[in-house]
Amino acid sequence: MRRQLSPSFFPQNSMRKTGVIADDFTGAGDIASFLQKGGARTLLLTEIPASFREDYDCVVLALKSRSAAPEEAVRQVKRAAAFLREAGMERIYFKYCSTFDSTPEGNIGVVSDFLLEELGLSFTLLCPSLPVNGRTVKDGILYVHGVPLAESPMKDHPLNPMWASSIPKLMSSQSRYPCFVLKREDMISGMAWKIAGEYGKKYGKFYLVPDYENEEDGKRIAELFGDLGLLTGGSGLAEYLAGGNGCLGEHRQDRCRKAILLCGSCSRMSAKQIAFYRDKGYDTYGVDSGKLAEGSLGAGDVFSYVLEHENVLVYSTAAGKTAGKAAGTQEFYRQSRLMENLMADLSQMALAHGFDRIIAAGGETSGAVTLRLGYGAYEIGNSVAPGVPVMRPLENRKLALILKSGNFGEEDFFEKALQEGRICV
């Protein structure tokens, strides 16, 4: 069916090396884990290096553009795309949250428009699905565990509230180009590229939102559209696009010393994971952000407890609770920043005291931790949960970092992370 399109609709050759532009760190780790699972040698970078001569199948670049203004997001993405192309990456994947967390003023559409134009392509996909974590798309509607996005608990997210469930509707306020649904039956019947060709003749540039509810859908989408020079979405497609030469080297069992677990996430799943860890008899330490704000509690107090106990989970007592009237207030953001700074301080103290495993839950928490630790490149290892790999800094391969979004993982996540992190290199 592809012959029905003009050559400008797809790349001149079949491409394998993939450069990923992720809009935050946890998203970068998420997609890197699926690329590694698919067999690709994968490197994660937190900044653009001055020089780059590494040979990897996939290079994932973690930006800080998720909540940035559209102009700033495009500025970051422009630099990232230029670097990845210079590094020999033949396909660009723009990775954003699997819940398409956006608003009418969001930047997903603006960034996608820029990449379409920069790469000289007529169309690409919007594919946020991650079925293994309950994120699916049908008829252009994004669902979370079977519930339309805008009706799910995500609608109350304090930083990125989910105001609509229709991806075409979300894009209509952000993008200059039209957005169309691509049904499963049209992909199965072989009509997908004919439909794309018709849209191309009429609109020039456009987006397709394919049905993606299960593994078979993901494989089909990758087979149909894997040759596109630009893809966008969550991490669901990554495993099927990897096409690498095999996983990184064999790991060996080694004797590890001590771990610290940090959870600044306030999600309901985080609350369940904290309760599971505590009920299994592990040590926990709850931190009230109000005490941080008034100065009656500091990182030194918390770390003293951590040193006296084993594998302590330090968590925000706001986990599982709604922010209520406080959400969006200046004081709310101040206390959130104080919690992030505390977690970052604790990670730095743990590293200085010889801890070899740091496990962090929550996107903002993970970002604060990685920023404080200052590592620029990570090798991707086995996954603790879908989208949550063990990462080892190239500068410190004895350190295992496990960083996740608040809603990722099952209730036993922290216990699993503790055990997986013991596999050292």
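Residues numbered from 1 in each chain as written. Predicted model: local features only at pLDDT ≥ 70, side-chain atom pairs only at ≥ 80, totals over all residues. Heavy atoms only, no water.

A.B. asks: How do you make sense of unusual backbone geometry when you look at a structure like this?
C.D. replies: Phi at His-145 takes a positive value of approximately 50°, unusual for a residue other than glycine. In this structure, His-145 sits in the loop between β7 (141-144) and β8 (147-148). Given a relative accessible area of 62%, His-145 falls into the exposed group. A positive phi angle, near 55°, is found at Asn-311, a position not held by glycine. The topology assignment puts Asn-311 in the loop between α11 (299-308) and β14 (313-316). (Helix = DSSP H or I, 4+ residues; strand = E, 2+ residues; numbered from the N terminus. Buried < 20%, exposed > 50% of the residue type's maximum accessible area, 1.4 Å probe, protein only.)

A.B. asks: Hey, could you run me through the sheet that holds β7 in this one?
C.D. replies: Think of a sheet as strands paired side by side through backbone hydrogen bonds, with each pair either parallel or antiparallel. The strand order across the open sheet formed by three strands is β6-β7-β8, and the pairing between neighbours is antiparallel. On the outer flanks of this sheet lie β6 (135-138) and β8, each paired with one strand and no other. Of the pairings in the sheet, the one linking β6 to β7 comprises four bridges and is antiparallel in character. Paired with Thr-136 across the two strands is Tyr-143, which belongs to β7. (Pairing = 2+ DSSP bridges.)

A.B. asks: Mind showing me how you'd approach the packing of aromatic side chains here?
C.D. replies: Geometry of an aromatic ring pair is reported as the spacing of the ring centres plus the angle between the planes. Under the criterion given, the structure shown has 19 aromatic pairs. Ring geometry for Phe-123 against Phe-225: centres 6.1 Å apart, planes inclined by 85°, an arrangement best described as edge-to-face. In this pair, Phe-123 sits in strand β5 (residues 123-127) while Phe-225 sits in helix α7 (residues 215-225), placing the two residues 102 residues apart along the sequence. Taken as a pair, Phe-123 and Phe-225 share a single burial class, namely buried. The rings of Phe-123, Phe-180, Trp-193, Tyr-199, Tyr-203, Phe-206 and Phe-225 are connected pair by pair, giving a single aromatic cluster. (Phe/Tyr/Trp six-rings, centres within 6.5 Å; stacked < 30°, edge-to-face > 60°.)

A.B. asks: Just checking my understanding: could you explain the packing of α11 against helix α12 (residues 330-352) for this structure?
C.D. replies: For any two helices packed against each other, the geometry is given by the interaxial angle and the distance between the axes. Running from amino to carboxyl end, α11 crosses α12 at an angle of 45°, the nearest separation of the two axes being 10 Å. Judged by the angle between their axes, α11 and α12 are oblique. Remark: the crossing between α11 and α12 carries right-handed chirality. Seen from α11, the contacting residues are Ala-299, Gly-300, Val-302 and Phe-303; seen from α12, they are Leu-342, Asp-345, Leu-346, Met-349 and Ala-350. Partitioning the contact of α11 with α12 into residue classes produces seven nonpolar, one polar and one charged. (Axes fitted to C-alpha atoms, helices over the stretch in contact; angles between N-to-C directions. Parallel < 35°, antiparallel > 145°, perpendicular 65-115°, else oblique. Left-handed = near helix turned anticlockwise from the far one by under 90°. Contact = heavy atoms within 4.5 Å. Nonpolar A, V, L, I, M, F, W, Y, C, P; charged D, E, K, R; others polar.)

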